Each structure stands twice: as structure tokens, then as C-alpha cells.
Amino acid sequence: MLQTTVIIVGAGPAGSVLAGLLAQRGVETLLLDKATFPREKICGDYLSPGTVRLLDQLNLLDLVCSAGVRRLWGMTIISPDGTTLTAEFPAITGTNGAPPFALSIPRAILDSLLLKWARSFGVRCIEGFRVTDLIWKNGRICGVTGIGQAGPETYQGRIVVGADGRESVVARRLNLHQPHPRLRRMALVAYYVGARCNVPLRDHGLICIGDRSYCILNPIGERLTNASIVVDQGIVQGWKGQLDELFNSALLAFPLALSALRGTGRHGTVRCLGPLAFRSIRSAKAGALLIGDAAGFYDPFTGEGVGHALYSAKLAAHAIASALAECDGGLTETHLHRFDDEQRRILISRRRLGAALQAIIRRPGAANAVTRLLRRRQPLANLLLGVIGDLLPPRTLFSAHTLMGILHPR
Ligand SMILES: Cc1cc2nc3c(=O)[nH]c(=O)nc-3n(C[C@H](O)[C@H](O)[C@H](O)COP(=O)(O)OP(=O)(O)OC[C@H]3O[C@@H](n4cnc5c(N)ncnc54)[C@H](O)[C@@H]3O)c2cc1C
């Protein structure tokens, strides 16, 4: 049985970044992942400008950019009645007027890079190890059990962190995982190859809003495009085993996306995931922490899941490092509460923004009206994109200056 200080289950962006940050502070860390890297992850492959800023703060931006990423400067949004709105990410204070940008990068590349970065600080990662259960001692988690390439194994640690994504076994064993009671959406994701699809997209993502569904095209590199469609769960149920046909049929609802993809070929298979929304009742319990998706997920529309994964890794690194500096036993109730409160504050604000956007995009009439309004008020459209892209806090939208802009467009 191996003993270490911190065990992190899951080597996605949340787990790898936490492991790297702890190793930089001299904390012995063991990462465990059921996959072997590089591994695929169903995702839109988009890093919001807020995520880019966070990568920069973590000194990871140059590394990520070295992988041949594509910069995106804004989004083109098509409402159900075909109204087109193009918005740019707004420059924010402290950037000397430099326009912020988003990035697109396949997750197989991003996640491998982050893991390699963590390993460069001495983090040990065991790939192909599936955690199946937690070990308890005196009401606290003190390790994990699972199955690796050499068979069953147990690892003991003073602190255990669940960074194991949306199916988090750590959250489930702690009885914290809770599906969303109403929002039951599914995602279908496919890749298209061919230069043509990148031409109409240029350096913007394309968001097409349909009737209770939406489609996002994210140009990656010069020839590859990620196409993600989100639909209600009921639609997927009638198409069991026919994902290609379902994707083709769902794409018909978005003529502009269809025309952007015309003349290109599908690369690989269509992948499906959902229901998408769930939450963890708390993100800290019995001496263990949950970070990234393991702590909850709402909807991919805002494209800030990786940003949240990085932010919660930063938060957890701070909580763990302070706990270890203060006492030998691990995270006290005070540390757990502080971490939970801070992460909850972020998750609630994301969920509120997500719910407000869902309330608009699920009603074609509302989506048309809002797109038309924003077309007439370009600065407001850019501001909204800044909030969705996690560059600006949601309260910016309710400032007196913004409200005046809605009433009296320049
Ligand atoms: C359709 C869709 C599109 C999205 N598009 C975007 C986007 O464009 N931009 C964006 O920022 N976010 C997007 N997201 C969200 C984003 O993918 C997640 O928020 C992000 O991956 C969370 O990172 P993570 O490290 O918490 O989890 P993950 O990336 O899921 O990593 C979890 C890791 O844990 C491992 N693991 C799981 N269970 C176990 C176990 N029992 N034992 C050992 N290892 C285990 C897995 O193998 C995996 O490597 C999207 C999500 C969906 C569903």
C-alpha cells in the first residue's frame, strides 16, 4: 500500500493543474486516472477569454499556445429567425487596450500538455487506474481503492481530491452527486475536416440557436472544425444506435451551420453525452474536496468548464497548502467550509448566468428579440460576450452605464 500526502483522482485539467501547483509548493502528490493519455474528451475544444487569462496567471499560456492553437476574437450568433449578430470580446482594464481572445485546441492535446506540465514538477501519475471506492477512517477519507493494470490496489493519503469529472466516483461515494431536476439536455459532438468550413467562420466561433436546441461550430487549426449540438434528451431517445443519422437530422435545423460545413467531410464518429446538468450538494466533505466538473456542471453553452476546472484547482491548491502549513492532519472543518463557500459562490453565479441564457435560448421568440436588440446595440453585445466569456462579472450587465446603453443606444 503506497502512502502519499495528496491523492488526486482524475488527470483532466482540474486534476493536473492542482497536482502541478501542489508539487511546485513541495507537496507530495499522486494523480490517478482511468484513461491513458492522450485521451479524448467530449468537448467544444474552446477556451474562453477568461480561461486564457487564467492560463496566463498560472504561467501556462505560452505552453498551451506552443501547441498550435487558434485564436478567436469573438462569436457570430444566428437566432432562430436568421438574424445575425457578430460580437467581439471587449478589451478590459489592465490589458492596456489589447483585445482579449479565446483559443481553440483539441482536448486530447490540451489535457496531455497539462499532465506533462504537472509531471515536470515531479508529480507521479498512474494512468489506467480506475478508482472504485474510498477508504474511511474515523469518519474521514484517508485513501482510495481501485483497479490498475497490475490488478487491485490501495493508496493512502492525508487528503483526497475528486477531480474525476462528471461521473465522479468520489462525489458519488460521498453521496454528493445530484442530477438536475428539470434540465435534461444531451450533447452530440462531431469533427469536420476540410478548409472550406473555416472560411465563413474566419476567427470567430459560430453559435446557431434553434428551437429548444443549439449548435456551435468552433474552428480549430486551418482544416478542422468542432461541431457540437445540444438537444433535449427526449430527441435522442428515439435514435438509439443511430448517432450519425441523429446528428445529420439535428444539423438540418441550422442551415447556416450546414452551409459552413458543406464540402467538408466528417472525421471520426459522432459522440453523445448527457444528461448534461448536475450538481454536487457540497464540494467538501469528510476531509475530501471536489474540483472541476466533479463539483457540478450546468450547460456547455458558455464554454467555461475548463476555466472553472482551472479556477477550482487554484482554490484547492491554496486550501491544501494552508492546511498543511497549519497542521499535520489535513483539511480541518474550517478549511473545508472555506473552500466549499468560495467554490459555491462561483458555481452559483455560473449557474444563474447559465439559467438566464437558457431562459432566452429555449424560447425562439425571446432569442430572436434579444439578438435583434443586441444588433442595434453593438457595445452591449460585446459586453455580454465578455460576461459569457468570463472576462467581466455578471453584475456589469446591471450597471447604470449598461442600462443607459440599452435605453439610449449611441
Ligand atoms: C458537450 C460538451 C462541450 C463542452 N465544451 C466546452 C468548451 O468548449 N470549453 C470549455 O471550457 N468547457 C467545455 N465543456 C466542459 C468541459 O469539458 C469540462 O468542464 C472540463 O473537462 C472539466 O475538467 P475536469 O478536469 O473537471 O474533468 P475531466 O476533463 O472530465 O477529467 C476527469 C478525468 O477523470 C478521470 N476519471 C474519471 N473517473 C475516474 C475514476 N473512477 N478513476 C480514475 N480516473 C477517473 C477521467 O478519465 C478524466 O481524465 C464541455 C462539456 C460538454 C459536455
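To be clear, the structure that these remarks concern was listed above.
Residues numbered from 1 in each chain as written. Predicted model: local features only at pLDDT ≥ 70, side-chain atom pairs only at ≥ 80, totals over all residues. Heavy atoms only, no water.

## Digging into the overall build of the protein
Secondary structure summary: the protein contains 14 helices and 21 strands in total. Since a compact globule built from 410 residues should have a radius of gyration of about 22 Å, the 21 Å found for the protein is in line with a globular shape. For the protein, the C-alpha atoms occupy an extent of roughly 60 × 50 × 40 Å along the three principal directions. By the burial criterion, 56% of the 410 residues in the protein qualify as buried. Partitioning the contacts of the protein with sequence separation of at least 6, the portion at a separation of at least 24 is 73%. As presented, the protein carries roughly 17900 Å² of accessible surface, and 55% of it is formed by carbon and sulfur atoms. Computing the positive centroid from 47 side-chain charges and the negative centroid from 30, the protein places the two 5 Å apart. (Helix = DSSP H or I, 4+ residues; strand = E, 2+ residues; numbered from the N terminus. Rg over C-alpha atoms; globule rule 2.2 N^0.38 Å. Buried < 20%, exposed > 50% of the residue type's maximum accessible area, 1.4 Å probe, protein only. Contact = heavy atoms within 4.5 Å. Areas by Shrake-Rupley, 256 points an atom, 1.4 Å probe, with all protein chains shown as cover. Lys, Arg positive; Asp, Glu negative; His and termini not counted. Charge placed at Lys NZ, Arg CZ, Asp CG, Glu CD.)

## A few points about the layout of surface pockets
One number sums up the size of the second largest pocket: a volume of about 580 Å³. What lines the second largest pocket is a set of 21 residues, among which Ile346, Ser349, Asp390, Pro393 and Pro394 lie closest to the centre. Counting residues per element, the ones that place at least two in the lining of the second largest pocket are helix 2 (49–57), helix 10 (305–326) and helix 11 (333–361). (1 Å grid on protein atoms, 1.4 Å probe; cavity = no way out; pocket = protein on both sides within 12 Å on 5 of 7 lines; lining within 4 Å. Points joined across faces, edges and corners; volume = space filled by probe spheres on them.)

## Some thoughts on the sheet that holds strand 7 (residues 102–104)
Taken together, three strands build an open sheet; the order of strands is 3-7-4 and the sheet is antiparallel. The open sheet is flanked by strand 3 (46–47) and strand 4 (70–72), the only strands paired with a single partner. Looking at chain direction, strand 4 and strand 7 are connected through three bridges and run antiparallel. Pairing of arginine 70 across the sheet is with serine 104, part of strand 7. (Pairing = 2+ DSSP bridges.)

## Concerning the pattern of salt bridges
The tally for this structure, following the rule as stated, stands at 14 salt bridges. Taking the shortest distance from any N to any O, the salt bridge between aspartate 232 and arginine 212 comes out at 3.1 Å. Of this pair, aspartate 232 sits in strand 16 (residues 224–232) while arginine 212 sits in the loop between strand 14 (204–209) and strand 15 (214–220), and the two are 20 residues apart along the sequence. Given the relative accessible area of 13%, aspartate 232 is considered buried. The exposure class of arginine 212 is partly exposed, given its relative accessible area of 38%. In this structure, glutamate 304 engages arginine 350 in a salt bridge whose closest nitrogen and oxygen atoms are separated by 3.4 Å. Note that glutamate 304 is positioned in the loop between strand 21 (296–297) and helix 10 and arginine 350 in helix 11, a separation of 46 residues in sequence. In this structure, glutamate 304 and arginine 350 share a single accessibility class: buried. Taken together, the salt bridges that share partners define one network made up of Arg185, Arg212, Asp232 and Arg362. (Salt bridge = Lys/Arg side-chain N within 4 Å of Asp/Glu carboxyl O.)

## Re the site of the ligand
Residues in close proximity to the ligand total 37 residues, the closest being Asp33, Gly44, Tyr46, Asp293 and Val306. Within the backbone of alanine 14, an N or O atom sits 3.0 Å from an oxygen atom of the ligand. A distance of 2.8 Å separates a nitrogen atom of the ligand from a polar atom in the backbone of glycine 44. Against a free-state accessible area of 1000 Å², the protein chains account for coverage of 95% of the ligand. Here the shell around the ligand takes three residues from helix 10, the largest share from any one element. (Near = heavy atom within 4 Å. Polar contact = N/O pair within 3.5 Å; in protein donor to acceptor, adjacent residues only side chain to side chain.)

## Topic: the sheet that holds strand 21
A sheet is described by the order of its strands in space; here three strands give the open sequence 12-18-21, paired in antiparallel fashion. Every interior strand has two partners, whereas the edge strands, strand 12 (177–179) and strand 21, have only one. Note: strand 18 (residues 278–280) against strand 21, two bridges, orientation antiparallel. Note that in strand 21 the partner of phenylalanine 278 across the bridge is phenylalanine 297.

## Side note on the nonpolar core
Ile8, Leu18, Val161, Leu289, Ile291 and Ile320 are the most contacted members of the largest nonpolar core, which totals 52 residues. Elements represented by at least two residues in this core include exactly strand 1 (2–9), helix 1 (13–24), helix 2, helix 3 (61–65), helix 4 (107–119), strand 11 (151–162), helix 10 and helix 11. For this core, the element with the highest residue contribution is helix 10, accounting for eleven residues. Setting aside residues no more than four positions away along its own chain, isoleucine 320 makes contact with Val6, Leu18, Leu22, Ile159, Val161, Leu289 and Leu331. Of all hydrophobic cores here, the second largest spans 34 residues; its members include Phe89, Ile92, Phe278 and Phe301. (Core = buried A, V, L, I, M, F, W, Y, C linked by side-chain atoms within 4.5 Å.)

## Here we look at unusual backbone geometry
The omega angle of the peptide bond from phenylalanine 37 to proline 38 is 0 degrees, so this bond is cis rather than trans. Tracing the backbone shows proline 38 in the loop between strand 2 (29–33) and strand 3. A positive phi is found at asparagine 59, a non-glycine position, where the angle reads about 60 degrees. Secondary-structure assignment places asparagine 59 in the loop between helix 2 and helix 3. Of the residues examined, asparagine 59 reaches a relative accessible area of 68% and is grouped as exposed. Residue asparagine 138 is not a glycine yet carries a positive backbone phi of 50 degrees.

## Observations concerning the packing of aromatic side chains
Using the criterion set out here, one finds five aromatic pairs in the structure. With a centroid separation of 5.7 Å and an interplanar angle of 65 degrees, the aromatic rings of tryptophan 73 and phenylalanine 101 are classed as edge-to-face. Pair noted here: tryptophan 73 is in the loop between strand 4 and strand 5 (74–78) and phenylalanine 101 is in the loop between strand 6 (84–88) and strand 7, with a separation of 28 residues, a long-range link. When its relative accessible area of 13% is taken as the criterion, phenylalanine 101 is described as buried. Geometrically, the ring pair formed by tryptophan 117 and phenylalanine 121 is edge-to-face, given 5.2 Å between the ring centres and 80 degrees between the ring planes. For the cation-ring pair, arginine 71 lies above phenylalanine 101, with the distance from its terminal atom to the ring centre recorded as 4.0 Å. (Phe/Tyr/Trp six-rings, centres within 6.5 Å; stacked < 30°, edge-to-face > 60°. Lys NZ or Arg CZ within 6 Å of the ring centre and 35° of its normal.)

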